[in-house]
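Structure at a glance
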Amino acid sequence: MNKIEILLTRLTLEEKIGMIHGAGIFETAGVPRLGIPPLKFSDGPMGVRNEFMRDRWVPCGKNDAITYLPSGGALAATWNVELAYKQGQVLGAEARGRGKDVILGPGINIKRTPLCGRNFEYMSEDPHLIAQITAPLIRGIQESDVAACVKHFAVNNQETKRMTIDVKIDEKALREIYLPGFEAAVKEGKTHTVMCAYNKFRGHYAGHSTELLDRILRDEWGFEGAVVSDWGAVHDTEEAAKAGMDIEMSYTSDFDDYYFAKPLLAAVCDGRVSEADIDKKVLNVLRLMEKLNMFSGNRKRGCYNIPEHRKAAYNVAAESIILLKNEGNLLPLNAEKLKKLLIVGDNAARFHAEIGGSAELKVLYEIHPLLGISGRLGGNCEVTYARGYAAETYELFDPNTHDISPELNNVIIYPPKPDEDLREEAIKLAGEHENVIFIGGLNHLQDRECFDREDMILPYRQDELIERLLAVNPNMIIVMHAGSPVDMSRWANRAKAIMWSYYAGCEGGHALADVLLGGLNPSGHLPETFAVKLTDYAAHSIGEFPGGEDGKVRYLEGDKVGYRHFDAADIEPLFPFGHGLSYTQFELSEFKVYKYDIFGSHISCKVENIGNCDGKVTVQLYVGENLRVFKKITLSYGKQETLKFTLTPAHFAHHDGEKWVAPLGKHEIRIGFSSRDIRLKGTVNYE
Ligand code: BGC
């Protein structure tokens, strides 16, 4: 018997049960007499959430402000696996620095609809991009003796009725689209924990699903860590206990009444659940603790809110910003020559970190765009700010007098005030300024947990304002700042320059300023398709969102999610998946299949920087309709590089509803700079 197994034999049933359910809203019970500590959790995923009292959602921390990292969407927009790893290192170090054992992230659910309120936490519509970003992110996190907790397993793709909605999905779509990110988290990232989703999957709660938790996660993928329930995702003692659920967490403070507390003890005592089932769970927890060095004297210490972490946050933000359009090379602005600049829009001066649901953070600072731009321009330029439209304002509850719930009730929201004066003021100023930047989009009153948006229309009548501003100043630069796509169709054709920023963390305003002012060459690419209108997205075109009266949502679009649907249905997106411009230009040439061997088919192509500044380029390789490989490199102007890609059988495979098959024969290869900007085509023979 090893140490862990011996420890198990010394535990009483009550002690075991204490280790597998919440004894606090973010911790389990330890067993002090045996030196077993409690397991401490924290949200996730853009930083370590503030401290709460053990048994109430009342913030109680004093020194708990952390580094606010770029959101999942921003990280995916970098298309940079090295940065994902670095962001993971920071998140892990900060979680450990705050004394946590498990950080509740990353959130990697597929962006099936642009309306999902939690899209800002999630990464992409594409399983390959998610997998590539997730695995290094998790490895980075776990280097600090902290467990990642990849969430929400699985098919948690909407907030509407999230606690009950039953997802009906075919096997092909499940395997090809919705699971690869989780599979990579387990197999490549070696995540120590997985969080089950709230929703039902094929008739069963995800947290009770033997299909998800036992057959797929453990038997097929070989997961050896612990499964944690989403907070309140367990609904039945026996069902969850018999499935692979290990730790039940919830948001209420009746800890002894959790399904895995007294009711589980009773179920074991009267033989409805076997003690062997409990032992499996406790072993998973003990093994997890051992992996995290919780029993050893030399566990890593971590640290938080240090200058290096802010630098890393900046580096990710810097590569997350996407230049969508730049007619006549309007951007970058010349900081040296700029004497007067007008900035319009609520998001120029709004802080985003503090709200949004469980991903909210207590931060020491957040550089918003107005501060970032003003700070960079310095005293030689007169920066004028006009809010332009009114959005809600909010105030955090006083923690001493209010109890808060995790569902965004921790804020008092004040509705927007009448804003005609703001609008007229902005339009007048825009006519008087040569250089104008509009910074609008969404905020966390739209991009938030528990709610989906009703449509893609920009809130606060921004469309109307943008149109009027463009009428008086056609060169106005537009920055959209949001966690999910918005309808830009009313003005996108008229605007000359459009920049996109996801929630990009505490240094987002600096990064945006640097990209706008030319200190940085943008290199972000869309991790999702931006459509002209909502019904262009598959789920909406077939009316399968947010599900029917019967409480079921049918993913009838199958694997045609994101660009796969736009391609199959031949719909022109506003900006396609993978799109992102640079201040320089790149060219691709010389597609070659130069070798076939036991490792796969080896392909090469040449990429050249033909513009006039250094930049980063992301070369995307699609097999048939699917993104399969991408590479991001730095290339100085005038330079070229040969890129090599190896395609293995997995790259040619699809799921036939029962198993993966990689058809022999010719496969079409497309290489380019977005799913719609394909520069090279060829075929490889898979034998
Ligand atoms: C969210 C999880 C989060 C948990 C703990 C739930 O409402 O869905 O993502 O980690 O709360 O705050």
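Just above sits the structure.
Residues numbered from 1 in each chain as written. Predicted model: local features only at pLDDT ≥ 70, side-chain atom pairs only at ≥ 80, totals over all residues. Heavy atoms only, no water.

What follows concerns the overall build of the protein. Helix and strand content of the protein: 19 helices and 28 strands. Taking the principal axes of its C-alpha atoms as reference, the protein extends roughly 80 × 70 × 55 Å. Scored against the burial criterion, the 687 residues of the protein give a buried share of 63%. Contacts in the protein between residues at least 24 apart in sequence constitute 75% of all its contacts with a sequence separation of at least 6. (Helix = DSSP H or I, 4+ residues; strand = E, 2+ residues; numbered from the N terminus. Buried < 20%, exposed > 50% of the residue type's maximum accessible area, 1.4 Å probe, protein only. Contact = heavy atoms within 4.5 Å.)

Take the sheet that holds strand β19 (residues 552-554) next. The sheet built from four strands is open, its strands ordered β9-β8-β6-β19 with mixed pairing. The open sheet has two edge strands with one neighbour each: β9 (204-205) and β19. Here strand β8 (residues 200-201) runs beside β9; their pairing, made up of two bridges, is antiparallel. The partner of Phe201 across the bridge, within β9, is His204. (Pairing = 2+ DSSP bridges.)

Moving on to helix α16 (residues 508-516). Judged by how many residues are buried, α16 sits mostly within the fold: nine of nine residues are covered. Those residues of α16 that are buried are in contact with α12 (307-320), α13 (369-377), β16 (436-441), β17 (477-481) and β18 (497-501). Following α16 by one or two positions, Gly518 has its phi on the positive side, about 90 degrees.

What follows covers the packing of aromatic side chains. Tallied over the entire structure, the rule returns 20 aromatic pairs. Aromatic side chains Trp79 and Phe630 sit 5.0 Å apart centroid to centroid with 70 degrees between the ring planes, which places their arrangement in the edge-to-face category. Remark: Phe630 occurs in strand β23 (residues 626-635) and Trp79 occurs in the loop between α3 (72-78) and α4 (81-97); sequence separation between them is 551 residues. Ring geometry for Trp500 against Phe530: centres 4.5 Å apart, planes inclined by 65 degrees, an arrangement best described as edge-to-face. (Phe/Tyr/Trp six-rings, centres within 6.5 Å; stacked < 30°, edge-to-face > 60°.)

Of all the seven residues making up strand β5 (residues 147-153), seven are buried; the element is thus mostly covered by neighbouring parts of the structure. Sheet topology places strand β4 (residues 102-104) next to β5; two bridges connect them, and they run parallel. Looking across to β5, one finds that Ile103 is bridged to Ala148. The sheet contact formed by β5 and strand β7 (residues 193-196) spans three bridges and is parallel. Bridged to Val150 within β7 is Val194.

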